[in-house]
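Structural overview for review
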Amino acid sequence: MSTETIEKTEVKEEVSQPAEAMLSKRRRKILSDPLNEDNPITVQVLGICSALAITIKMEPTIVMSIAVVFVIVFSNLIISLIRNLVPGRVRIIVQLAVIATLVTLVSEILKAYYFDMYKVLGAFVGLIITNCIVMGRLEAFAMANKPYDSILDGLGSGFGYAWIILVVAFFRELFGSGSILNFKLAEIGLDFQTNGLMVDSIGAFMVLGILIWIQRTKTGYVEH
Amino acid sequence: MQRSNTYIIIFSVVLTIILGGMLSIASVGLKPLQDKQVELDTKKKILGAVTDISTIEDPNELLALYDQRVESIVVDFEGNIVETNAKGEPIVAEKISVQKNYRMKPEDRVYPVYKFKAEDGSIDAYVFPMWGNGLWDWISAYMAIDKDLNTVRGIAFDHKAETPGLGERITTEVIQSRYVGKEIFNDSGELESITMVKGENNTGLSIHEVDGMAGATMTAKGVNAMLDQYLGCYQPYIKKVKSEGNKVALTQ
């Protein structure tokens, strides 16, 4: 009897021991890696389609970023929670169903509360479903990791995506429309000829290319 | 790990029920809010076409202003006022789906007309809703014509999926203000409509032309076709009001 109880407490201790700090070194790495060294857009080259489509102005880009972060974090969390229940043979469909549900929710909420934004982004919000970053993270991370880590991973990837498209949008709006966050620079005397190329998707490719160039020069990342 | 087919089927069914249930609840729960947003959006566009509403922040104030200043009627292709539909039920202009009607033959449609009244109750402007095809999907407009039934007071465009930054610009103030003051009839009283020309920064535009949008020629074509078609459809009503106005003027 007594030995059994001792064994039990020992086991309990073993289980509770690996409770690492909320932001341990490993977890900080999960969070920060996608921001720079393993950025979903510039390094993994995922989610390019939406990075081109919605970065003409900053305002819709911000809303899109929030929507994508929301969808990545929660789909990561949900998939991570049910990862041991999901049958391997239908896992992709399950992931897709979860993502599609979250995206539809975002779209419905936007329509109910931010109708003006819904009209601008309408078609693109639905396209979050096809954003490879979301599904990529589910398949590569959430299926094999605990919920809390998955949330961190989602936040990292989401913000890694967000800051890149915000930078792209900043330059595109600046040179394409001559404004920042819909504030016309001409009003404070900065009147310059805007570049129509920047309003086109080509502008996004160029800004993105320059960003990738700068980043890879700094991190020394080479594609194999 | 390999799981049995039964497990997979049960798992899929349960997942579908849960996710589907969540979506249904969200959809039903948010419907009233969404409907209100759509109604507000419609009334905002009608008012926005005739008057400056940028200072009104409160949605309820906007709706009150609408109730106070806007009177709506429905007309048919001949310009006669219609009050009931084929089944004898009363028609409400705001409830008419211009989008659905667009698919019918012009002769079979009913057309809402919104009369914007001045403070003293006299008619100040007429607002005509329109529908058409842009480059990717539908486009729509509320065109406000002054009480002379010739000069454009203002126009409010909307669209579903025109290219952001290109065709999408039809919803901006910059583009819409170009229509203000233009005329839809020529000197001999024939309908001329208003044409958006190709390219930006054109000079020497006539009273029936507006400057175009660089990179959005296809959207401009859709806009032109829409204005052409719908002004044509509203023409009988416009002519009727004009001749009635003349009669009133003569008898007075």
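Because the structure is predicted, anything quoted here is derived from the model rather than measured. Here, residues in each chain are numbered from 1, in the same order as that chain's written sequence. To label them, take the chains in the order written and letter them from A, then take the ligands in the order written and number them from 1. Note on the predicted model: pLDDT of at least 70 is required for a residue's local features to be given, and 80 or more for side-chain atom pairs to be given and counted; whole-chain, interface and lining totals, by contrast, use all residues. Hydrogens and water are ignored here; the side-chain numbers use all heavy atoms of the structure.

1. As for the environment of Gly136 of chain A
Starting at the N terminus, helices and strands are each numbered in turn, a helix being any DSSP run of H or I of at least four residues and a strand any DSSP run of E of at least two. Residue position: Gly136 of chain A is located in helix α7 (residues 132-140). For the pair formed by Gly136 of chain A and Pro40 of chain A, sequence separation is 96 residues and the distance between their alpha carbons is 9.3 Å.

2. Looking at the layout of surface pockets
Grid spacing is 1 Å over the protein atoms alone, the probe is 1.4 Å, and a cavity is where that probe fits but cannot get out, while a pocket is an open set with protein on both sides within 12 Å along at least five of seven lines and lining residues have an atom within 4 Å of a point. Grid points are joined across faces, edges and corners, and a volume is the space filled by probe spheres set on the points. Counted as a void, the second largest pocket has a volume near 1,000 Å³. Lining the second largest pocket are 34 residues; nearest its centre among them are Phe115 of chain A together with Val38, Thr42, Gln99 and Trp131 of chain B. When residues of the lining of the second largest pocket are traced back to their parent elements, those giving at least two are α6 (115-126) of chain A together with α1 (5-50), α3 (98-102), β2 (111-117), β3 (123-133), β4 (138-146) and β5 (152-159) of chain B. Sorting elements by how many residues they give to the lining of the second largest pocket places α1 of chain B first, with nine residues. When grouped by side-chain class, the residues that make up the lining of the second largest pocket number 15 nonpolar, seven polar and twelve charged. Note that Gly is not counted as nonpolar here; it falls among the polar residues with everything else outside the nonpolar set of Ala, Val, Leu, Ile, Met, Phe, Trp, Tyr, Cys and Pro and the charged set of Asp, Glu, Lys and Arg.

3. Here's the deal with the environment of Phe70 of chain A
Residues and elements named next belong to chain A. As for its position among the elements, Phe70 is in helix α4 (residues 58-81). Type-normalised accessible area, obtained with a 1.4 Å probe on protein chains alone, sets the label of each residue: buried when under 20%, exposed when over 50%, and partly exposed for intermediate values. Judged by relative accessible area, Phe70 falls into the partly exposed class, the value being 32%. Separated by 96 residues in sequence, Phe70 and Leu166 have C-alpha atoms that sit 16 Å apart. The contact criterion used is simple: two residues touch if any of their non-hydrogen atoms lie within 4.5 Å. When sequence neighbours within four positions are dropped, the list of residues in contact with Phe70 reads Leu102 and Val106.

4. Description of the side chain of Glu162 of chain B
Residues and elements named next belong to chain B. Looking at where Glu162 falls in the secondary structure, it is placed in the loop between β5 and α4 (173-176). Here Glu162 falls in the buried class, since its relative accessible area comes to 2%. We define a polar contact as two N or O atoms separated by no more than 3.5 Å, with the added condition that, inside protein, one atom must be a possible hydrogen donor and the other a possible acceptor, whereas residues neighbouring each other in sequence contribute only through side-chain atom pairs. Within the structure, Glu162 has its side chain in polar contact with the backbone nitrogen of Leu135 (distance 2.9 Å). If sequence neighbours within four positions are ignored, Glu162 has contacts with Gly134, Leu135, Trp136, Asp137, Ile139, Gly167, Glu168 and Thr219.

5. Focus: the packing of α6 of chain A against α1 of chain B
Axis separation between α6 of chain A and α1 of chain B bottoms out at 10 Å; the angle between their running directions is 90°. The orientation of α6 of chain A relative to α1 of chain B falls into the category roughly perpendicular. From α6 of chain A, Phe115, Asp116 and Lys119 of chain A reach across to α1 of chain B, where they touch Gln37, Val38, Asp41 and Lys44 of chain B. Looking at the contact of α6 of chain A with α1 of chain B residue by residue, the classes come out as two nonpolar, one polar and four charged. Where helices are involved, their axes are fitted lines through C-alpha atoms of the stretch in contact, as for all axes, and angles between N-to-C directions lie from 0 to 180°. Geometric relationships in this document are graded by angle, where less than 35 degrees denotes roughly parallel, more than 145 denotes roughly antiparallel, 65 to 115 denotes roughly perpendicular, and other angles denote oblique.

6. Notes on the nonpolar core
Counting residues in each nonpolar core, the largest one holds 45 residues, and the members touching the most others are Ile41, Val71, Val94 and Ile128 of chain A. When residues of this core are traced back to their parent elements, those giving at least two are α3 (48-53), α4, α5 (91-113), α6, α7, α8 (147-177) and α10 (201-219) of chain A together with α1 of chain B. Other than its neighbours up to four places away in sequence, Val71 of chain A contacts Ile99, Leu102, Val103, Val106, Ile128 and Val134 of chain A. Grouping buried Ala, Val, Leu, Ile, Met, Phe, Trp, Tyr and Cys residues that are joined through side-chain atoms within 4.5 Å yields what is termed a nonpolar core. One finds Met130, Trp131, Ile175 and Tyr237 of chain B within the second-largest nonpolar core, a separate group that totals 42 residues.

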